[in-house]
Amino acid sequence: MTSSPSPILVTGGAGFIGANFVLQWIAETGTPLVNLDKLTYAGNLANLASVAGDARHVFVQGDIGDAALVAKLLAEHRPCAVVNFAAESHVDRSIHGAGEFIQTNVLGTFRLLESVRHYWQALPAGEKDAFRFLHVSTDEVYGSLGPADPAFTERHNYRPNSPYSASKAGSDHLVRAWHHTYGLPVLTTNCSNNYGPFQFPEKLIPLVILNAMQGKPLPVYGDGQNVRDWLFVTDHCAAIRTVLARGSPGEVYNIGGDCERANLDVVRAICRALDEFLPGSAHRPHERLIAFVPDRPGHDRRYAIDTSKVKRELGWQPAVTFEQGLKQTVRWYLDHEQWVRGVQSGEYRNWIAANYTQRQKAS
Ligand code: NAD
Ligand code: DAU
C-alpha cells in the first residue's frame with residue numbers, strides 16, 4: 001500500500017508571491033497543499049482560478065493569528081512544512097497606518113509560530129526531524145545602502161527604516177528565537193523586489209503599467225534614482241522551494257536578481273515595452289506620462305542582495321533576465337483585462353486617492 005504524501009501548509013497563498021508559489025508547487029510537485037489566507041484587499045481568489053478544481057489545493061479563508069483555526073488545520077492535514085507568506089506588504093500603506101502591519105506581521109507571526117511549535121513538538125521523531133517552518137521575508141530589514149556599499153549578506157545588521165520593514169524585522173527575530181529557544185526547524189529567506197503576474201497594482205511596476213495603458217500620470221517618487229534589485233516572481237518561488245528542500249534549519253538565505261535598477265530606468269523600460277506592444281496607442285510615447293511627485297517619507301535609497309550563499313550552498317540561481325521578465329509582465333497585464341478590472345474596483349480607488357491626491361497637494 002502506498003501512502004499519499006503529506007501536504008504543506010502555505011499562508012498568504014492568495015497574494016502575489018504566494019499565489020505564484022501555489023501555482024508553481026501544484027504544477028511541479030506531486031504534493032498537495034493547504035492554503036490559509038485571510039483575503040485582505042491584497043488576497044484574490046482570481047489568482048488561483050486555474051487550480052480551483054484541483055484536489056491538491058485546499059483553500060481555507062482565515063487569519064494566521066487565529067490559534068484555534070491553525071491548530072485545527074495542523075491536526076487535520078498533518079503538514080510536513082509551513083511556508084509563511086502572509087503579511088501586510090506595502091511600505092506606503094504602512095506609513096499611512098502601521099496597526100495592521102504590527103497585527104499580522106508581528107503578532108500574527110508570533111501566534112503562528114506558537115501554533116506550529118505545539119504541533120511540531122507532538123510529532124513522532126522521524127516527522128519531527130523532517131518538519132520545516134519557512135518564513136518569507138524581505139531585504140528591507142537590512143535598511144538602506146549608499147551607492148558604493150557592498151550588497152546585503154546574511155550577516156548584515158538589521159536596520160529597518162519603515163513601519164513595514166520594522167514589522168518584518170520583528171517577525172524575523174521571532175522566527176530566529178523560536179529556533180534557538182525551542183529548536184523549531186526554521187528557515188528564513190530575505191528577498192529583494194519581486195515583479196510578475198498577479199502583483200497588486202499598488203506596487204511600482206504594475207501601477208506604472210496600468211497607469212500608462214490608461215494614459216494616467218506615472219508617479220515617480222523624489223528624483224527617481226532610488227535603486228531596487230529586481231527578481232522575477234517565479235525565480236523567487238523556485239528559490240523558496242530550493243531552500244525548503246535543501247536549506248539547513250536555523251539558516252538565513254538572501255535571494256535576489258543581481259539586477260539593480262534605478263526606479264526611473266524601470267519606468268522608462270515599461271514605457272518602451274508599451275510603445276512596442278501598443279503601436280496604435282494615443283498615449284505613445286508613454287514616457288510623456290512620467291510625473292515626479294513628492295518623495296516617500298524615509299525612502300530607502302538603495303537595496304542590493306549578495307546571493308552567493310544560496311547559489312554556493314543550494315545551487316539556486318535566477319533563470320529570467322529583467323528584460324525578459326519585464327516584457328512578460330507587461331504582456332500579462334495587457335492580456336488580463338478582466339483581472340485588472342477586478343482589482344482596480346472598490347478599495348483600490350480609495351488607496352490611490354489617499355496616497356496620490358495627498359502627494360499632489362504637498363508639491
Ligand atoms: P501581498 O500583499 O500580495 O499578499 C499578502 C497575502 O497575505 C494576501 O493574500 C493577504 O490576504 C494575506 N494575508 C494578510 N494578512 C493575513 C493574515 N493575518 N492571515 C492570513 N493571510 C493574510 O504580498 P506579497 O507581495 O505576495 O508578499 C508575500 C510575502 O513576501 C510577504 O511576507 C512579504 O513581506 C514578502 N516579500 C515580498 C516581496 C515583494 O517584492 N513583493 C519581496 C520580498 C519579500
Ligand atoms: O525589497 C523588497 C520589498 O519590495 C518587499 O518587501 C515589499 O513587500 C515590496 O512592496 C517592495 O517594496 P518597495 O517599497 O521597494 O516596492 P514599491 O513597488 O512600493 O516601490 C518600488 C520603488 O518605487 C520604491 O523606491 C518606491 C518607488 N515608487 C513606488 C510607487 C508605488 C515610486 O516611485 N512611485 C510609486 O508610485
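Residues numbered from 1 in each chain as written. Chains lettered and ligands numbered in written order. Predicted model: local features only at pLDDT ≥ 70, side-chain atom pairs only at ≥ 80, totals over all residues. Heavy atoms only, no water.

S.K.: Outline the packing of helix 7 (residues 204-213) against helix 9 (residues 263-277), listing residues and values.
M.R.: At a minimum axis separation of 10 Å, helix 7 and helix 9 run at an interaxial angle of 40°. The orientation of helix 7 with respect to helix 9, classified from their angle, is oblique. Considering the relative orientation of helix 7 and helix 9, their crossing is right-handed. Facing helix 7, whose interface residues are Leu204, Ile205, Val208, Ile209, Ala212 and Met213, helix 9 presents Asn263, Val266, Val267, Ile270 and Leu274. Residues that form the contact of helix 7 with helix 9 fall into these classes: 10 nonpolar, one polar and no charged. (Axes fitted to C-alpha atoms, helices over the stretch in contact; angles between N-to-C directions. Helix = DSSP H or I, 4+ residues; strand = E, 2+ residues; numbered from the N terminus. Parallel < 35°, antiparallel > 145°, perpendicular 65-115°, else oblique. Left-handed = near helix turned anticlockwise from the far one by under 90°. Contact = heavy atoms within 4.5 Å. Nonpolar A, V, L, I, M, F, W, Y, C, P; charged D, E, K, R; others polar.)

S.K.: Would you mind going over helix 1 (residues 16-28) in detail, with residue names and values included?
M.R.: The first and last C-alpha atoms of helix 1 sit 18 Å apart over 13 residues, in line with the 18 Å expected at 1.5 Å per residue. Listed in full, the buried residues belonging to helix 1 are Phe16, Gly18, Ala19, Asn20, Phe21, Val22, Gln24, Trp25 and Ile26. (Expected span 1.5 Å × (residues − 1). Buried < 20%, exposed > 50% of the residue type's maximum accessible area, 1.4 Å probe, protein only.)

S.K.: Now, about the packing of aromatic side chains: what can you tell me, with residues and values included?
M.R.: All told, the structure shown has 19 aromatic pairs when counted by the stated rule. Taken together, a centroid distance of 6.0 Å and an interplanar angle of 80° make the contact between Phe110 and Trp178 edge-to-face. Taken as a pair, Phe110 in helix 4 (residues 99-121) and Trp178 in helix 6 (residues 163-182) lie far apart in primary sequence, 68 residues in all. Among the residues examined, Phe110 registers a relative accessible area of 32% and is labelled partly exposed. Ring geometry for Tyr119 against Phe131: centres 5.8 Å apart, planes inclined by 70°, an arrangement best described as edge-to-face. With Tyr119 in helix 4 and Phe131 in the loop between helix 5 (125-130) and strand 5 (132-138), this residue pair connects regions lying 12 residues apart in the sequence. For the pair formed by Tyr119 and Phe131, the shared burial category is buried. In this arrangement the basic side chain of Arg331 is found over the ring face of Phe277, its NZ or CZ atom lying 4.8 Å from the centre. (Phe/Tyr/Trp six-rings, centres within 6.5 Å; stacked < 30°, edge-to-face > 60°. Lys NZ or Arg CZ within 6 Å of the ring centre and 35° of its normal.)

S.K.: Which residues make up the side chain of Asp229, and what are the values?
M.R.: Within the fold, Asp229 resides in strand 9 (residues 227-232). It turns out Asp229 is buried and unbridged, and the closest side chain with the opposite charge, Arg261, is 7.8 Å from it. The contact partners of Asp229, leaving out residues within four places of it in the chain, are Ser192, Asn193, Gly256, Gly257, Asp258, Cys259, Glu260, Tyr303, Ala304 and Ile305. (Lys, Arg positive; Asp, Glu negative; His and termini not counted. Salt bridge = Lys/Arg side-chain N within 4 Å of Asp/Glu carboxyl O.)

S.K.: Break down the pattern of salt bridges for me, citing the residues and quoting the values.
M.R.: Pairing is possible between side chains that carry opposite charge, provided their charged atoms lie close to one another. For the structure on display, the rule yields 20 salt bridges. With a closest N to O distance of 3.6 Å, Arg268 and Glu287 form a salt bridge. Of this pair, Arg268 sits in helix 9 while Glu287 sits in the loop between helix 9 and strand 12 (290-293), and the two are 19 residues apart along the sequence. Accessibility expressed as a relative area gives 32% for Glu287, which makes it partly exposed. The closest approach of N and O atoms between Lys327 and Glu276, which form a salt bridge, is 2.9 Å. Taken as a pair, Lys327 in helix 11 (residues 322-335) and Glu276 in helix 9 lie far apart in primary sequence, 51 residues in all. Judged by its relative accessible area of 36%, Lys327 is partly exposed.

S.K.: Describe the site of ligand 1, listing the residues and the values that go with them.
M.R.: By nearness alone, 28 residues border ligand 1, and Ile17, Asp37, Ser89, Tyr164 and Lys168 come closest of all. Between ligand 1 and Thr40 there is a distance of 3.0 Å, counted from an oxygen atom to a backbone nitrogen or oxygen. In this structure, Tyr164 approaches ligand 1 through a side-chain N or O atom, which is 2.6 Å from an oxygen atom. Per element, the largest residue contribution to the shell around ligand 1 is three residues, and it comes from strand 5. The residue inventory of the shell around ligand 1, partitioned by class, reads 12 nonpolar, 12 polar and four charged. (Near = heavy atom within 4 Å. Polar contact = N/O pair within 3.5 Å; in protein donor to acceptor, adjacent residues only side chain to side chain.)

S.K.: Explain helix 7 to me, and be specific about the residues and the numbers.
M.R.: The buried fraction of helix 7 is high, at eight of 10 residues. Taken together, the buried positions of helix 7 are Ile205, Pro206, Leu207, Val208, Ile209, Leu210, Asn211 and Ala212. Downstream of helix 7 by one or two residues, Gly215 has phi in the positive range, about 70°.

S.K.: Which residues make up a nonpolar patch on the surface, and what values do they have?
M.R.: A grouping of Ile102, Leu107 and Phe110 is seen on the molecular surface, where their side chains present a nonpolar patch of about 210 Å² in accessible area. On the secondary structure map, Ile102 appears in helix 4. Judged by its relative accessible area of 40%, Ile102 is partly exposed. (Patch = residues over 30% accessible without salt bridge, like charges linked within 9 Å, V, L, I, M, F, W, Y side chains within 5 Å. Areas by Shrake-Rupley, 256 points an atom, 1.4 Å probe, with all protein chains shown as cover.)

S.K.: I'd like a description of the sheet that holds strand 9, backed by residues and values.
M.R.: Read across the open sheet, the three strands follow the order 7-9-11; overall the sheet is mixed. Every other strand in the sheet has two partners, leaving strand 7 (193-195) and strand 11 (260-262) as the edge strands with one partner each. Direction aside, neighbouring strands of the sheet carry axes that sit 50° apart on average. With three bridges connecting them, strand 9 and strand 11 associate as antiparallel partners. Among the inter-strand pairings, Asp229 is bridged to a residue of strand 11, identified as Glu260. (Pairing = 2+ DSSP bridges.)

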